[in-house]
Structures are given as structure tokens and as C-alpha cells.
Amino acid sequence: MKERLLFVENLCVSFSMEGMEIQAVQDVCFDLFPGESVGIVGESGSGKSTIVQAITRLSHATKVEGSIVWEGVNLNDLKNSILGTKIGMVFQDPLSSLNPTMKISQQIEEGMIYHKLANRKEARQKSLELLQLVDISDPHLRLAQYPHELSGGMRQRVAIAIALACNPRLLIADEPTSALDVTTQAQVLKLIQQIQIKRNMSLLLITHDLKVVAEICDRILVLHTGKIVEQGPVQEILLSPKHPYTQMLIKAQKWGQKE
């Protein structure tokens, strides 16, 4: 049996608002195995991104309790964050995640150089290979451009290339297509799926779209008001949901129904 890559146990995340403590995530437990793809679904405000921020140490919460274990080691015991090395992250809006003042080449290369995985020449060659991997045309030209010179789909592909630069074992994609048009959404999702399989990475996909999860995930976690109300194999949950919230979510999105 494979050892778990990630294990989240009794995760609770609270924020302070106007002198009150608001619990955004309550007793969340789940695991993720090597090469597995897991989708976390739920409405806006359900706590999906809050969980990711806790895992990646990007959280500005007042209190984070519980344990997050990576390859058998509690992340609280690690001196440095593993975001950017063991974990790659693709954010919702590439315009926000990319630096508008830096060329594409610099943004892909800097992680490799900072973590001493490549020198400048090696990093440049790897950047070209990464742009080819994410299906960006004329990679030499794109490396010399700035984010505003690229289309939305190209920017998100660059963001994926940056997330892959240090060969992570886990790719976290937080609503990676919500800022894109429908056609580009499908292309980017297919790309993420292909790369995940090709590199045998684990994937943690955050989305509100059940159709996306049905297409590319092995397991699903259904999140409602900060709690996981149902989890299991994708087809089992979507075809035979037990919890009323999951049933409502499926009905609202008309999953599996003909248009």
C-alpha cells in the first residue's frame, strides 16, 4: 500500500472579525496519495481556499489548529515552507499571481535558481522546455515578453509552468480556470490533467464545478460551511450522493443531465 503524501487531520481555521472569532474551517480531515487527483468542491465561501492557504502557509488566519503532515512530517516542524519546491501552486487569476514588472523568463527561472536547482543557463533551457510542455507557441518570443502582452489563457499556462519549475510532487490548482473563457477553460484543464498523469504528480483541485471534478479527479471532498460533509470516489459520490447538500449541489449544476 502506498504511503500518504499529504494527511490533514482535524484542521480548524479561525479569523478575527470585529472582535469576534469566526471559524472558517472546522475539523477537516483528508489524505492524498502519490499520483492521485482529489477535488474539493463547494460554494463560494465554503472554506475551500482557506484549506489550501493553511496547507501552503499562505494563511492570514488568526488561528490554525490541527495537523498537516507531508510525507510523514508535520509541516509545523519544518523550518521552511515547501511551497514552490515539493508543492506547486496555480492560483485563480494569473494577472494577480504573475509579476507585471518581470519578463516571463525571469518569473519561471527565479524559483529554480533560488532553490539552487539550476544555474542561469540551465534555468533558461528548462524554461523553454516548460513553455513547450504547457503548449505555448514561440517559446523563445514569450520568454522575452511581459504578462500583459499575453492572452488570459497564455498567462495561466505560464503560471502552470512556474508551478512545475521545481518538479513538485503535488500540484494545487485553486479555481484555475474561473478567469478564462469556456473554450480556454477546457484546454487548460485538459493540459493540467495530461501533465499530472505524465509526471505522476498528485493533484489537489479546488473548484465549484462538479463537471470538472468528474472529468479529472479520482476522489471528491464536498465542503459546506467549513466542514467536509461527504467524500469518496468521484463516480460514487456524484451518482449516489448521501448528504442533502451534495444532492442539492448536483441538482443545481444539473450534473449528468442532458442539456
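Look up: the structure comes first, before these words.
Within each chain, residues carry numbers counting from 1 in the order of the written sequence. It should be noted that, the model being predicted, local features are given only for residues of pLDDT at least 70 and side-chain atom pairs only at 80 or more, the latter also being counted only at that level, while totals for whole chains, interfaces and linings use all residues. Excluded from the side-chain calculations are hydrogens and water; all other atoms, namely the structure's heavy atoms, are used.

Draft legend 1. Region of the structure containing the overall build of the protein chain. Think of it this way: any DSSP run of H or I at least four residues long counts as a helix, any run of E at least two long counts as a strand, and we number them from the N terminus. Within the protein chain, the secondary structure is distributed over ten helices and ten strands. Note that the radius of gyration is over C-alpha atoms, with the globule rule given as 2.2 Å times the number of residues to the power 0.38. A globule of 259 residues ought to have a C-alpha radius of gyration of about 18 Å, and the protein chain, at 19 Å, matches this closely. The dimensions of the protein chain, computed from C-alpha atoms along their principal axes, are 55 × 50 × 45 Å. Scored against the burial criterion, the 259 residues of the protein chain give a buried share of 49%. Across the protein chain, contacts joining residues at least 24 apart in sequence account for 65% of those joining residues at least 6 apart. Computed by Shrake-Rupley with a 1.4 Å probe, the accessible areas treat only the displayed protein chains as cover when residues are assessed. Put simply, the protein chain shows about 13,200 Å² of open surface, and 50% of that area lies on carbon and sulfur atoms. Counted charges follow a simple rule, with Lys and Arg positive, Asp and Glu negative, and His plus the chain ends left uncounted. To locate a charge, take NZ of a lysine, CZ of an arginine, CG of an aspartate or CD of a glutamate. Separation of charge centres in the protein chain, based on 27 positive and 28 negative side chains, amounts to 5 Å. The buried label applies to any residue whose accessible area, calculated with a 1.4 Å probe on protein chains only, is under 20% of its type's maximum; exposed applies above 50%, and partly exposed to all values in between. Residues are treated as being in contact if the distance between any of their heavy atoms lies within 4.5 Å.

Draft legend 2. Representation of the sheet that holds strand β4 (residues 63-70). Here, any two strands with at least 2 DSSP bridges between them count as paired. Spatially, four strands are ordered β2-β1-β4-β5 in an open sheet, and the strand pairing comes out antiparallel. Only two strands of the sheet have a single neighbouring strand rather than two, namely β2 (20-32) and β5 (73-74). As paired elements, β4 and β5 share two bridges and run antiparallel to each other. For W70, the partnering residue across the bridge sits in β5 and is V73. Axes, fitted as lines to C-alpha atoms, cover a helix only where it is in contact. Angles between the N-to-C directions of the axes lie from 0 to 180 degrees. Contacts between helix α1 (residues 48-56) and the sheet are confined to β1 (6-17), β2 and β4, with β1 contributing the most and set at about 110 degrees to the helix.

Draft legend 3. Local environment of unusual backbone geometry. We note that R57 has phi near 60 degrees; this positive angle belongs to a residue other than glycine. Summarising the element assignment, R57 is placed in the loop between α1 and β4. A residue is classified by how much of its surface remains accessible, and R57, at 35% relative accessible area, is partly exposed. Positive phi outside glycine occurs at T225, with the angle close to 45 degrees. Looking at the element boundaries, T225 is found in the loop between β9 (219-224) and β10 (227-233). Classification of T225 by relative accessible area gives partly exposed; the value is 48%.

Draft legend 4. Region of interest: the pattern of salt bridges. Each reported salt bridge corresponds to a side-chain nitrogen of Lys or Arg within 4 Å of a carboxyl oxygen of Asp or Glu. What the rule picks out here adds up to eight salt bridges. Ionic pairing is found between E36 and R219, a salt bridge with its closest N-O pair at 2.6 Å. Within this pair, whereas E36 is found in the loop between β2 and β3 (37-41), its partner R219 is found in strand β9, the two being separated by 183 residues in sequence. Take E36 and R219: they sit in the same class, and that class is buried.

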